[in-house]
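A look at the structure
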Amino acid sequence: MSSDKVRLALLGCGTVGTEVVRLLHEQSADLTARIGAPLELVGIAVRRPGRQRGSDIDPALFTTDALGLVKRDDVDVVIEVVGGIEPARSWLTEALRAGKSVVTANKALLAEDGATLHDAAAEGGADLYYEAAVAGAIPLLRPLRESLHGDRVTRVTGIVNGTTNFILSSMDATGAGFGEALDEATELGYAEADPTADVEGFDAAAKAAILASLAFHTRVTAADVFREGMTGVTAADMASAKEMGCTIKLLCIAQRGPDSAGTDSVSVRVHPAMIPRSHPLAGVGDAFNAVFVEAEAAGQLMFYGRGAGGTPTASAVLGDIVAAARNRLSGTRAPSESSYAHLPIRPIGESVTRYHISLDVADRQGVLATVAGVFAQHEVSIATVRQSGREDDATLVIVTHGAPDANLAATVEDLRALDIVRSIASVLRVEGGA
Ligand SMILES: NC(=O)C1=CN([C@@H]2O[C@H](COP(=O)(O)OP(=O)(O)OC[C@H]3O[C@@H](n4cnc5c(N)ncnc54)[C@H](O)[C@@H]3O)[C@@H](O)[C@H]2O)C=CC1
Ligand SMILES: N[C@@H](CC=O)C(=O)O
Ligand code: NA
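In the nomenclature of an unreviewed UniProt entry, the protein corresponds to Homoserine dehydrogenase from the organism Actinoplanes nipponensis. UniProt, in the comment section headed Cofactor (unreviewed entry), describes the protein in these words: "a metal cation". Among the UniProt annotations of the protein, the heading Sequence similarities (unreviewed entry) holds the following wording: "Belongs to the homoserine dehydrogenase family."

There is a patch of like negative charges on the surface, built from Glu 180, Asp 183, Glu 184 and Glu 187. As for its placement among the helices and strands, Asp 183 is situated in helix H8 (residues 178-187). The partly exposed category is assigned to Asp 183, whose relative accessible area is 47%.

Moving on, we come to the sheet that holds strand E2 (residues 39-45). With parallel pairing, 6 strands are arranged side by side in an open sheet as E3-E2-E1-E4-E5-E6. With one partner strand each, in any of the chains shown, strand E3 (62-63) and strand E6 (128-129) form the two edges of the open sheet. Examined bridge by bridge, strand E1 (residues 6-11) and strand E4 (residues 77-80) share 4 bridges and lie parallel to one another. The residue bridging Ala 9 from the neighbouring strand is Val 78, located in E4.

On to the side chain of Asn 165, then. Structurally, Asn 165 is set in helix H7 (residues 162-174). Judged by its relative accessible area of 1%, Asn 165 falls in the buried class. A polar contact is formed between the side chain of Asn 165 and the backbone oxygen of Val 284, at a distance of 2.9 Å. Discounting chain neighbours no more than four positions away, the residues touching Asn 165 are Ile 159, Lys 249, Val 284, Gly 285, Asp 286 and Phe 288.

Further remarks concern the nonpolar core. Side chains of a nonpolar character, in soluble globular proteins, are inclined to be buried together. Counting 79 residues, the largest nonpolar core has Leu 140, Val 153, Ile 167, Ile 210 and Leu 211 as its most contacted members. Taken domain by domain, the makeup of this core includes at least three residues from each of domain 1 (6-139 + 310-330) and domain 2 (141-306). Ignoring any residue separated from it by four or fewer positions in sequence, one finds Val 153 in contact with Leu 144, Leu 148, Ala 215, Phe 216, Arg 256, Val 293, Glu 294 and Ala 295. Formed by 35 residues, the second largest nonpolar core is a distinct cluster that contains Ile 35, Leu 41, Ile 44 and Ala 325.

What follows deals with the domain arrangement of the protein. Domain parsing of the protein yields domain 1 (6-139 + 310-330), domain 2 (141-306) and domain 3 (351-430). Once you take the C-alpha centre of each, domain 1 and domain 2 turn out to be 27 Å apart. Opposite the 22 residues of domain 1 that make contact, domain 2 presents 20 residues. Of the roughly 1700 Å² buried between domain 1 and domain 2, counting both surfaces, carbon and sulfur atoms make up 62%. The largest share of the area that domain 1 buries against domain 2 comes from Ala 111, Val 134 and Ile 138, three residues that together contribute 33% of it. Here domain 1 is connected to domain 2 by 3 salt bridges. In this structure, Arg 219 engages Asp 119 in a salt bridge whose closest nitrogen and oxygen atoms are separated by 2.9 Å. The interface formed by domain 1 and domain 2 contains 8 residue pairs in polar contact (both at pLDDT 80 or more).

Judged by how many residues are buried, strand E10 (residues 264-276) sits mostly within the fold: 12 of 13 residues are covered. In the sheet, strand E8 (residues 226-227) pairs with E10 via 2 bridges, with the strands oriented parallel. Its bridge partner lying in E10, Arg 227 is registered against Val 270. Bridge count between strand E9 (residues 246-258) and E10: 13 bridges; the pairing is antiparallel. In the sheet register, Arg 256 faces E10, and the bridge partner there is Val 266. What sits between E9 and E10 in their antiparallel hairpin is a turn of 5 residues, with Gly 262 showing a positive phi close to 85 degrees. In this sheet, strand E17 (residues 421-430) lies alongside E10 in parallel orientation, the contact comprising 2 bridges. Note that in E17 the partner of Met 274 across the bridge is Val 430.

What counts and what doesn't
- Residues numbered from 1 in each chain as written.
- Chains lettered and ligands numbered in written order.
- Predicted model: local features only at pLDDT ≥ 70, side-chain atom pairs only at ≥ 80, totals over all residues.
- Heavy atoms only, no water.
- UniProt positions renumbered as here; feature names shortened; annotations may be inferred.
- Patch = residues over 30% accessible without salt bridge, like charges linked within 9 Å, V, L, I, M, F, W, Y side chains within 5 Å.
- Areas by Shrake-Rupley, 256 points an atom, 1.4 Å probe, with all protein chains shown as cover.
- Salt bridge = Lys/Arg side-chain N within 4 Å of Asp/Glu carboxyl O.
- Lys, Arg positive; Asp, Glu negative; His and termini not counted.
- Charge placed at Lys NZ, Arg CZ, Asp CG, Glu CD.
- Helix = DSSP H or I, 4+ residues; strand = E, 2+ residues; numbered from the N terminus.
- Buried < 20%, exposed > 50% of the residue type's maximum accessible area, 1.4 Å probe, protein only.
- Pairing = 2+ DSSP bridges.
- Polar contact = N/O pair within 3.5 Å; in protein donor to acceptor, adjacent residues only side chain to side chain.
- Contact = heavy atoms within 4.5 Å.
- Core = buried A, V, L, I, M, F, W, Y, C linked by side-chain atoms within 4.5 Å.
- Domains from an automatic or database assignment.
- Buried area = accessible area lost by both parts, 1.4 Å probe.

Following this line, the structure appears as C-alpha coordinates:
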(Lines give C-alpha, C1' and ligand atoms only; values in the text may rest on other atoms or scores of the structure.)
(Ligands and ions follow the chains in the order given, each with its own letter.)
Protein backbone atom coordinates (compact mmCIF):
# COMPACT_ATOMS: atom_id res chain seq x y z
CA MET A 1 0.00 0.00 0.00
CA SER A 2 1.08 3.58 -0.68
CA SER A 3 1.91 5.08 2.74
CA ASP A 4 0.90 8.63 1.83
CA LYS A 5 -2.72 7.87 0.91
CA VAL A 6 -5.42 5.22 1.20
CA ARG A 7 -6.91 4.15 -2.12
CA LEU A 8 -10.56 3.18 -2.39
CA ALA A 9 -12.57 1.15 -4.90
CA LEU A 10 -16.34 1.61 -4.83
CA LEU A 11 -18.59 -1.21 -6.08
CA GLY A 12 -22.08 0.12 -6.85
CA CYS A 13 -23.24 3.70 -7.22
CA GLY A 14 -26.96 3.66 -6.50
CA THR A 15 -28.87 5.14 -3.54
CA VAL A 16 -26.07 4.52 -1.01
CA GLY A 17 -23.05 4.63 -3.35
CA THR A 18 -23.90 8.08 -4.73
CA GLU A 19 -24.06 9.47 -1.20
CA VAL A 20 -20.76 7.78 -0.27
CA VAL A 21 -19.07 9.58 -3.19
CA ARG A 22 -20.68 12.90 -2.27
CA LEU A 23 -19.58 12.66 1.38
CA LEU A 24 -16.06 11.58 0.38
CA HIS A 25 -15.79 14.75 -1.72
CA GLU A 26 -17.50 17.14 0.67
CA GLN A 27 -15.63 16.01 3.77
CA SER A 28 -12.32 15.31 2.11
CA ALA A 29 -10.26 17.76 4.23
CA ASP A 30 -11.76 16.60 7.54
CA LEU A 31 -11.38 12.95 6.61
CA THR A 32 -7.71 13.50 5.76
CA ALA A 33 -7.14 15.20 9.11
CA ARG A 34 -8.89 12.43 11.02
CA ILE A 35 -7.14 9.58 9.22
CA GLY A 36 -3.74 11.21 8.89
CA ALA A 37 -3.59 10.69 5.12
CA PRO A 38 -5.91 11.50 2.20
CA LEU A 39 -8.42 9.04 0.77
CA GLU A 40 -8.31 8.61 -2.99
CA LEU A 41 -11.19 7.07 -4.93
CA VAL A 42 -9.47 5.15 -7.74
CA GLY A 43 -12.48 3.50 -9.40
CA ILE A 44 -16.25 2.98 -9.28
CA ALA A 45 -17.82 -0.21 -10.64
CA VAL A 46 -21.30 0.29 -12.06
CA ARG A 47 -23.62 -1.55 -14.42
CA ARG A 48 -24.38 1.41 -16.68
CA PRO A 49 -21.46 3.89 -16.81
CA GLY A 50 -23.39 6.44 -18.92
CA ARG A 51 -26.03 7.09 -16.22
CA GLN A 52 -26.10 10.53 -14.55
CA ARG A 53 -24.87 10.21 -10.93
CA GLY A 54 -23.80 13.71 -9.92
CA SER A 55 -21.78 16.24 -11.86
CA ASP A 56 -18.66 16.15 -9.68
CA ILE A 57 -17.79 12.47 -10.35
CA ASP A 58 -14.92 12.12 -12.84
CA PRO A 59 -16.35 9.90 -15.65
CA ALA A 60 -12.93 8.26 -16.03
CA LEU A 61 -13.48 6.52 -12.65
CA PHE A 62 -16.36 4.37 -13.92
CA THR A 63 -15.87 0.78 -15.01
CA THR A 64 -18.21 -2.15 -15.58
CA ASP A 65 -15.49 -4.61 -14.54
CA ALA A 66 -15.96 -4.88 -10.76
CA LEU A 67 -13.69 -7.90 -10.34
CA GLY A 68 -10.96 -6.21 -12.37
CA LEU A 69 -11.22 -3.17 -10.09
CA VAL A 70 -11.05 -5.30 -6.94
CA LYS A 71 -7.89 -7.00 -8.22
CA ARG A 72 -6.02 -3.79 -9.03
CA ASP A 73 -2.75 -3.41 -7.12
CA ASP A 74 -3.50 0.22 -6.33
CA VAL A 75 -6.64 -0.60 -4.26
CA ASP A 76 -6.39 -0.72 -0.44
CA VAL A 77 -10.06 -0.67 0.61
CA VAL A 78 -13.03 -2.14 -1.30
CA ILE A 79 -16.45 -0.61 -0.54
CA GLU A 80 -19.37 -2.77 -1.66
CA VAL A 81 -22.82 -1.15 -1.98
CA VAL A 82 -24.35 -3.31 -4.71
CA GLY A 83 -26.19 -5.91 -2.60
CA GLY A 84 -27.20 -9.54 -3.24
CA ILE A 85 -25.25 -12.75 -2.83
CA GLU A 86 -23.37 -13.12 -6.12
CA PRO A 87 -21.28 -11.62 -7.58
CA ALA A 88 -20.72 -9.60 -4.37
CA ARG A 89 -19.46 -12.67 -2.45
CA SER A 90 -16.84 -13.45 -5.13
CA TRP A 91 -15.64 -9.84 -5.26
CA LEU A 92 -15.33 -9.53 -1.49
CA THR A 93 -13.63 -12.89 -0.89
CA GLU A 94 -11.15 -12.01 -3.63
CA ALA A 95 -10.43 -8.65 -1.93
CA LEU A 96 -10.16 -10.07 1.60
CA ARG A 97 -7.93 -13.00 0.63
CA ALA A 98 -5.63 -10.49 -1.06
CA GLY A 99 -5.41 -8.56 2.24
CA LYS A 100 -7.58 -5.64 1.13
CA SER A 101 -9.95 -4.13 3.69
CA VAL A 102 -13.66 -4.46 2.94
CA VAL A 103 -16.50 -2.15 3.93
CA THR A 104 -19.94 -3.45 2.97
CA ALA A 105 -23.62 -2.64 3.58
CA ASN A 106 -24.69 -6.05 2.24
CA LYS A 107 -26.88 -7.57 4.97
CA ALA A 108 -28.27 -10.25 2.65
CA LEU A 109 -24.79 -11.65 1.98
CA LEU A 110 -23.60 -11.39 5.60
CA ALA A 111 -26.72 -13.18 6.85
CA GLU A 112 -26.69 -15.89 4.20
CA ASP A 113 -22.96 -16.64 4.16
CA GLY A 114 -21.06 -14.34 6.50
CA ALA A 115 -18.81 -17.32 7.33
CA THR A 116 -17.19 -17.22 3.89
CA LEU A 117 -16.39 -13.52 4.28
CA HIS A 118 -15.07 -13.88 7.84
CA ASP A 119 -12.95 -16.86 6.82
CA ALA A 120 -11.53 -14.93 3.86
CA ALA A 121 -10.76 -11.97 6.16
CA ALA A 122 -8.91 -14.30 8.55
CA GLU A 123 -7.02 -15.87 5.65
CA GLY A 124 -5.92 -12.53 4.22
CA GLY A 125 -5.38 -10.82 7.58
CA ALA A 126 -7.84 -8.17 6.39
CA ASP A 127 -10.53 -5.97 7.96
CA LEU A 128 -14.23 -6.64 7.35
CA TYR A 129 -16.52 -3.78 8.41
CA TYR A 130 -20.34 -3.70 7.94
CA GLU A 131 -21.91 -1.12 10.25
CA ALA A 132 -24.34 0.01 7.51
CA ALA A 133 -25.77 -3.50 7.11
CA VAL A 134 -27.96 -3.24 10.23
CA ALA A 135 -30.00 -0.19 11.22
CA GLY A 136 -28.21 2.10 8.71
CA ALA A 137 -26.74 5.14 10.42
CA ILE A 138 -27.23 3.86 13.98
CA PRO A 139 -23.90 2.89 15.56
CA LEU A 140 -24.94 -0.57 16.70
CA LEU A 141 -22.57 -3.21 15.37
CA ARG A 142 -19.44 -1.49 16.72
CA PRO A 143 -20.94 -1.31 20.25
CA LEU A 144 -21.84 -5.00 20.02
CA ARG A 145 -18.49 -5.93 18.47
CA GLU A 146 -16.32 -3.82 20.79
CA SER A 147 -17.94 -1.85 23.64
CA LEU A 148 -20.01 -4.76 24.98
CA HIS A 149 -17.29 -7.39 24.62
CA GLY A 150 -16.68 -7.40 28.36
CA ASP A 151 -20.33 -8.12 29.08
CA ARG A 152 -22.83 -10.91 28.41
CA VAL A 153 -25.67 -9.84 26.12
CA THR A 154 -28.88 -11.70 26.91
CA ARG A 155 -31.44 -10.17 24.55
CA VAL A 156 -31.68 -7.84 21.57
CA THR A 157 -35.13 -6.54 20.60
CA GLY A 158 -35.44 -4.20 17.67
CA ILE A 159 -37.34 -2.43 14.98
CA VAL A 160 -34.82 -2.85 12.18
CA ASN A 161 -36.88 -2.24 9.05
CA GLY A 162 -37.80 1.34 8.21
CA THR A 163 -40.34 0.59 5.48
CA THR A 164 -42.53 -1.66 7.62
CA ASN A 165 -42.23 0.65 10.62
CA PHE A 166 -43.51 3.48 8.43
CA ILE A 167 -46.46 1.31 7.29
CA LEU A 168 -47.39 0.13 10.81
CA SER A 169 -46.99 3.64 12.28
CA SER A 170 -49.27 4.98 9.57
CA MET A 171 -51.87 2.22 10.20
CA ASP A 172 -51.74 3.09 13.89
CA ALA A 173 -52.08 6.84 13.34
CA THR A 174 -54.79 6.85 10.64
CA GLY A 175 -56.62 3.53 10.93
CA ALA A 176 -55.59 2.71 7.35
CA GLY A 177 -55.33 -0.89 6.15
CA PHE A 178 -52.05 -2.50 5.08
CA GLY A 179 -52.56 -1.87 1.32
CA GLU A 180 -53.35 1.82 1.77
CA ALA A 181 -50.36 2.36 4.09
CA LEU A 182 -48.06 0.49 1.67
CA ASP A 183 -49.21 2.76 -1.19
CA GLU A 184 -48.33 5.79 0.96
CA ALA A 185 -44.88 4.31 1.75
CA THR A 186 -44.29 3.73 -1.97
CA GLU A 187 -45.37 7.27 -2.90
CA LEU A 188 -42.98 8.73 -0.33
CA GLY A 189 -40.10 6.58 -1.65
CA TYR A 190 -39.72 4.38 1.45
CA ALA A 191 -40.94 1.13 -0.08
CA GLU A 192 -39.16 -0.24 -3.13
CA ALA A 193 -40.98 -1.20 -6.34
CA ASP A 194 -40.89 -4.78 -5.03
CA PRO A 195 -41.40 -4.44 -1.26
CA THR A 196 -41.40 -8.22 -0.62
CA ALA A 197 -38.10 -8.31 1.30
CA ASP A 198 -39.38 -5.64 3.67
CA VAL A 199 -43.03 -6.63 4.24
CA GLU A 200 -42.37 -10.38 4.37
CA GLY A 201 -39.64 -9.85 6.98
CA PHE A 202 -36.66 -11.11 4.93
CA ASP A 203 -34.75 -7.84 5.39
CA ALA A 204 -35.37 -7.83 9.16
CA ALA A 205 -34.46 -11.54 9.40
CA ALA A 206 -31.10 -10.90 7.72
CA LYS A 207 -30.41 -8.09 10.20
CA ALA A 208 -31.56 -10.29 13.10
CA ALA A 209 -29.05 -12.99 12.08
CA ILE A 210 -26.21 -10.45 12.00
CA LEU A 211 -27.19 -9.00 15.39
CA ALA A 212 -27.52 -12.43 17.01
CA SER A 213 -24.13 -13.54 15.65
CA LEU A 214 -22.43 -10.51 17.18
CA ALA A 215 -24.39 -10.49 20.43
CA PHE A 216 -23.98 -14.19 21.21
CA HIS A 217 -20.54 -14.97 19.64
CA THR A 218 -22.16 -17.66 17.52
CA ARG A 219 -22.66 -17.97 13.78
CA VAL A 220 -26.36 -17.39 13.06
CA THR A 221 -27.61 -17.36 9.46
CA ALA A 222 -30.86 -16.10 7.93
CA ALA A 223 -32.04 -19.73 7.72
CA ASP A 224 -31.83 -19.97 11.53
CA VAL A 225 -34.26 -17.09 12.01
CA PHE A 226 -38.00 -17.74 12.43
CA ARG A 227 -39.67 -15.24 10.10
CA GLU A 228 -43.25 -14.07 9.75
CA GLY A 229 -44.01 -10.96 7.67
CA MET A 230 -46.52 -8.22 8.47
CA THR A 231 -48.83 -8.39 5.43
CA GLY A 232 -51.49 -10.14 7.54
CA VAL A 233 -51.78 -7.27 10.06
CA THR A 234 -55.21 -5.71 9.51
CA ALA A 235 -56.81 -2.42 10.48
CA ALA A 236 -58.97 -4.50 12.88
CA ASP A 237 -55.83 -5.92 14.56
CA MET A 238 -54.49 -2.41 15.04
CA ALA A 239 -57.84 -1.25 16.46
CA SER A 240 -57.84 -4.22 18.84
CA ALA A 241 -54.28 -3.41 19.91
CA LYS A 242 -55.32 0.19 20.58
CA GLU A 243 -58.19 -0.97 22.79
CA MET A 244 -55.65 -2.83 24.90
CA GLY A 245 -53.33 0.19 25.16
CA CYS A 246 -50.92 -1.37 22.65
CA THR A 247 -49.60 -0.88 19.14
CA ILE A 248 -48.22 -3.39 16.61
CA LYS A 249 -44.57 -3.41 15.46
CA LEU A 250 -42.51 -5.77 13.32
CA LEU A 251 -39.95 -6.92 15.88
CA CYS A 252 -36.68 -8.76 15.64
CA ILE A 253 -35.99 -10.64 18.88
CA ALA A 254 -32.73 -12.46 19.59
CA GLN A 255 -32.43 -14.16 22.96
CA ARG A 256 -29.87 -16.24 24.78
CA GLY A 257 -30.98 -18.69 27.45
CA PRO A 258 -31.54 -22.33 28.36
CA ASP A 259 -33.58 -24.56 26.05
CA SER A 260 -36.02 -27.21 27.31
CA ALA A 261 -33.07 -29.47 28.22
CA GLY A 262 -31.34 -26.65 30.10
CA THR A 263 -28.65 -26.11 27.44
CA ASP A 264 -27.54 -22.53 26.81
CA SER A 265 -28.94 -21.67 23.37
CA VAL A 266 -30.02 -18.87 21.06
CA SER A 267 -33.45 -18.11 19.62
CA VAL A 268 -33.94 -15.56 16.86
CA ARG A 269 -37.29 -14.52 15.45
CA VAL A 270 -38.92 -11.80 13.37
CA HIS A 271 -42.67 -11.30 13.49
CA PRO A 272 -45.31 -8.65 14.12
CA ALA A 273 -46.14 -8.28 17.79
CA MET A 274 -48.43 -6.25 20.01
CA ILE A 275 -46.45 -4.14 22.49
CA PRO A 276 -47.78 -1.80 25.18
CA ARG A 277 -47.62 1.92 24.40
CA SER A 278 -45.39 2.33 27.45
CA HIS A 279 -42.72 0.08 25.84
CA PRO A 280 -39.64 2.05 24.66
CA LEU A 281 -40.10 0.69 21.10
CA ALA A 282 -43.78 1.70 20.85
CA GLY A 283 -42.98 5.38 20.29
CA VAL A 284 -40.56 4.67 17.43
CA GLY A 285 -42.52 6.10 14.51
CA ASP A 286 -42.14 6.93 10.85
CA ALA A 287 -39.28 5.04 9.13
CA PHE A 288 -37.03 5.17 12.21
CA ASN A 289 -35.27 2.12 13.66
CA ALA A 290 -34.53 1.39 17.31
CA VAL A 291 -32.78 -1.48 19.02
CA PHE A 292 -33.04 -2.35 22.68
CA VAL A 293 -30.08 -4.35 24.03
CA GLU A 294 -30.06 -6.08 27.40
CA ALA A 295 -26.78 -7.20 28.92
CA GLU A 296 -26.03 -8.68 32.34
CA ALA A 297 -23.75 -5.93 33.62
CA ALA A 298 -24.77 -2.97 31.46
CA GLY A 299 -28.52 -3.46 31.94
CA GLN A 300 -30.74 -1.91 29.28
CA LEU A 301 -29.38 0.12 26.35
CA MET A 302 -31.38 1.74 23.56
CA PHE A 303 -30.08 2.70 20.09
CA TYR A 304 -32.30 4.92 17.93
CA GLY A 305 -32.05 6.68 14.58
CA ARG A 306 -32.38 6.42 10.82
CA GLY A 307 -32.01 2.87 9.60
CA ALA A 308 -32.53 3.49 5.90
CA GLY A 309 -31.91 6.02 3.14
CA GLY A 310 -28.85 6.91 1.10
CA THR A 311 -27.37 9.62 3.31
CA PRO A 312 -27.79 7.99 6.75
CA THR A 313 -26.51 4.67 5.40
CA ALA A 314 -23.54 6.42 3.78
CA SER A 315 -22.70 7.93 7.20
CA ALA A 316 -22.12 4.41 8.56
CA VAL A 317 -20.12 3.44 5.46
CA LEU A 318 -17.88 6.50 5.87
CA GLY A 319 -17.28 5.66 9.55
CA ASP A 320 -16.12 2.20 8.51
CA ILE A 321 -13.88 3.62 5.76
CA VAL A 322 -12.17 5.87 8.31
CA ALA A 323 -11.62 2.93 10.69
CA ALA A 324 -10.26 0.69 7.93
CA ALA A 325 -7.99 3.44 6.59
CA ARG A 326 -6.59 4.20 10.06
CA ASN A 327 -5.89 0.52 10.65
CA ARG A 328 -4.00 0.25 7.37
CA LEU A 329 -1.86 3.27 8.16
CA SER A 330 -1.02 2.07 11.66
CA GLY A 331 -0.65 -1.58 10.66
CA THR A 332 -3.42 -2.70 13.05
CA ARG A 333 -6.61 -4.65 12.45
CA ALA A 334 -10.29 -4.51 13.33
CA PRO A 335 -11.47 -7.08 15.89
CA SER A 336 -11.86 -10.34 14.01
CA GLU A 337 -15.00 -12.47 14.09
CA SER A 338 -15.91 -13.80 17.54
CA SER A 339 -17.87 -17.03 17.12
CA TYR A 340 -16.26 -19.17 19.81
CA ALA A 341 -19.50 -19.86 21.74
CA HIS A 342 -21.06 -22.18 19.10
CA LEU A 343 -24.45 -22.01 20.83
CA PRO A 344 -27.20 -24.21 19.39
CA ILE A 345 -30.23 -22.55 17.78
CA ARG A 346 -33.49 -23.10 19.66
CA PRO A 347 -36.49 -23.90 17.42
CA ILE A 348 -39.39 -21.41 17.43
CA GLY A 349 -41.64 -24.01 19.09
CA GLU A 350 -39.60 -23.65 22.29
CA SER A 351 -39.74 -19.84 22.40
CA VAL A 352 -41.97 -18.67 25.20
CA THR A 353 -44.50 -16.23 23.80
CA ARG A 354 -47.89 -14.78 24.65
CA TYR A 355 -50.69 -14.72 22.09
CA HIS A 356 -53.60 -12.39 21.41
CA ILE A 357 -56.31 -14.41 19.66
CA SER A 358 -59.52 -13.00 18.26
CA LEU A 359 -62.25 -15.61 17.56
CA ASP A 360 -65.67 -15.24 15.93
CA VAL A 361 -67.88 -17.68 17.82
CA ALA A 362 -71.52 -18.65 18.25
CA ASP A 363 -72.75 -17.11 21.50
CA ARG A 364 -74.14 -20.34 22.96
CA GLN A 365 -74.07 -21.77 26.45
CA GLY A 366 -70.82 -23.60 27.11
CA VAL A 367 -68.82 -21.93 24.31
CA LEU A 368 -66.44 -20.21 26.68
CA ALA A 369 -65.87 -23.43 28.65
CA THR A 370 -65.15 -25.38 25.45
CA VAL A 371 -62.71 -22.76 24.19
CA ALA A 372 -61.00 -22.55 27.59
CA GLY A 373 -60.74 -26.35 27.63
CA VAL A 374 -58.66 -26.32 24.42
CA PHE A 375 -56.20 -23.91 26.01
CA ALA A 376 -55.99 -26.05 29.15
CA GLN A 377 -55.45 -29.19 27.12
CA HIS A 378 -52.28 -27.63 25.63
CA GLU A 379 -51.17 -26.21 29.00
CA VAL A 380 -51.67 -22.63 27.89
CA SER A 381 -52.87 -20.38 30.66
CA ILE A 382 -55.37 -17.64 29.79
CA ALA A 383 -54.63 -14.14 31.14
CA THR A 384 -57.74 -12.24 29.96
CA VAL A 385 -60.93 -12.90 27.99
CA ARG A 386 -63.16 -10.24 26.47
CA GLN A 387 -66.46 -10.87 24.69
CA SER A 388 -68.32 -8.48 22.42
CA GLY A 389 -71.49 -9.01 20.36
CA ARG A 390 -74.23 -11.62 20.84
CA GLU A 391 -75.55 -14.81 19.26
CA ASP A 392 -74.24 -15.35 15.73
CA ASP A 393 -71.98 -12.35 15.91
CA ALA A 394 -69.93 -12.79 19.07
CA THR A 395 -66.21 -12.12 19.24
CA LEU A 396 -63.92 -13.53 21.91
CA VAL A 397 -60.58 -11.86 22.45
CA ILE A 398 -58.22 -13.99 24.49
CA VAL A 399 -54.77 -13.03 25.72
CA THR A 400 -52.61 -15.81 27.11
CA HIS A 401 -49.79 -15.98 29.59
CA GLY A 402 -46.39 -17.03 28.25
CA ALA A 403 -46.22 -20.58 26.85
CA PRO A 404 -44.01 -22.40 24.36
CA ASP A 405 -44.89 -21.28 20.84
CA ALA A 406 -45.57 -24.90 19.81
CA ASN A 407 -48.30 -25.21 22.48
CA LEU A 408 -49.88 -21.97 21.32
CA ALA A 409 -49.78 -23.03 17.67
CA ALA A 410 -51.41 -26.39 18.56
CA THR A 411 -54.09 -24.56 20.56
CA VAL A 412 -54.94 -22.36 17.56
CA GLU A 413 -55.09 -25.39 15.28
CA ASP A 414 -57.54 -27.17 17.58
CA LEU A 415 -59.65 -24.04 17.98
CA ARG A 416 -59.95 -23.82 14.19
CA ALA A 417 -61.43 -27.32 14.12
CA LEU A 418 -64.24 -26.50 16.60
CA ASP A 419 -67.80 -26.11 15.16
CA ILE A 420 -68.54 -23.26 17.50
CA VAL A 421 -65.56 -21.25 16.18
CA ARG A 422 -66.74 -19.59 12.95
CA SER A 423 -63.36 -18.07 12.19
CA ILE A 424 -60.13 -16.98 13.81
CA ALA A 425 -59.92 -13.31 12.94
CA SER A 426 -56.37 -12.81 14.15
CA VAL A 427 -53.49 -14.38 16.02
CA LEU A 428 -50.75 -12.03 17.16
CA ARG A 429 -47.83 -12.52 19.48
CA VAL A 430 -47.63 -10.15 22.45
CA GLU A 431 -44.33 -8.83 23.79
CA GLY A 432 -43.23 -6.58 26.59
CA GLY A 433 -45.67 -6.79 29.46
CA ALA A 434 -49.01 -5.93 27.73
N1 LIG B 1 -30.91 1.99 0.60
C2 LIG B 1 -30.88 1.82 1.92
O3 LIG B 1 -31.59 2.50 2.67
C4 LIG B 1 -29.98 0.81 2.52
C5 LIG B 1 -29.26 -0.07 1.74
N6 LIG B 1 -28.43 -0.97 2.33
C7 LIG B 1 -27.68 -1.92 1.51
O8 LIG B 1 -26.77 -1.19 0.69
C9 LIG B 1 -26.57 -1.87 -0.53
C10 LIG B 1 -26.90 -0.93 -1.69
O11 LIG B 1 -28.23 -0.51 -1.57
P12 LIG B 1 -28.82 0.66 -2.51
O13 LIG B 1 -27.79 1.69 -2.76
O14 LIG B 1 -30.10 1.05 -1.88
O15 LIG B 1 -29.12 -0.15 -3.84
P16 LIG B 1 -29.27 0.43 -5.31
O17 LIG B 1 -30.05 -0.57 -6.07
O18 LIG B 1 -29.77 1.83 -5.29
O19 LIG B 1 -27.77 0.45 -5.81
C20 LIG B 1 -27.06 -0.69 -6.18
C21 LIG B 1 -26.21 -0.32 -7.36
O22 LIG B 1 -25.37 -1.42 -7.70
C23 LIG B 1 -25.31 -1.47 -9.12
N24 LIG B 1 -24.93 -2.81 -9.58
C25 LIG B 1 -25.69 -3.91 -9.67
N26 LIG B 1 -24.99 -4.94 -10.20
C27 LIG B 1 -23.76 -4.47 -10.45
C28 LIG B 1 -22.59 -5.02 -11.02
N29 LIG B 1 -22.58 -6.30 -11.42
N30 LIG B 1 -21.49 -4.26 -11.12
C31 LIG B 1 -21.51 -2.99 -10.70
N32 LIG B 1 -22.58 -2.38 -10.17
C33 LIG B 1 -23.71 -3.12 -10.05
C34 LIG B 1 -26.72 -1.10 -9.57
O35 LIG B 1 -26.72 -0.65 -10.89
C36 LIG B 1 -27.07 0.00 -8.58
O37 LIG B 1 -26.72 1.28 -9.04
C38 LIG B 1 -27.45 -3.12 -0.46
O39 LIG B 1 -26.70 -4.19 0.03
C40 LIG B 1 -28.52 -2.72 0.56
O41 LIG B 1 -29.10 -3.84 1.21
C42 LIG B 1 -28.23 -1.02 3.69
C43 LIG B 1 -28.91 -0.17 4.50
C44 LIG B 1 -29.87 0.79 3.99
N1 LIG C 1 -35.40 -1.57 3.07
C2 LIG C 1 -34.68 -1.32 4.27
C3 LIG C 1 -33.51 -0.43 3.98
C4 LIG C 1 -32.50 -0.50 5.02
O5 LIG C 1 -31.90 -1.50 5.38
C6 LIG C 1 -35.61 -0.67 5.30
O7 LIG C 1 -36.73 -0.29 4.94
O8 LIG C 1 -35.24 -0.59 6.46
NA1 NA D 1 -25.68 0.55 11.78
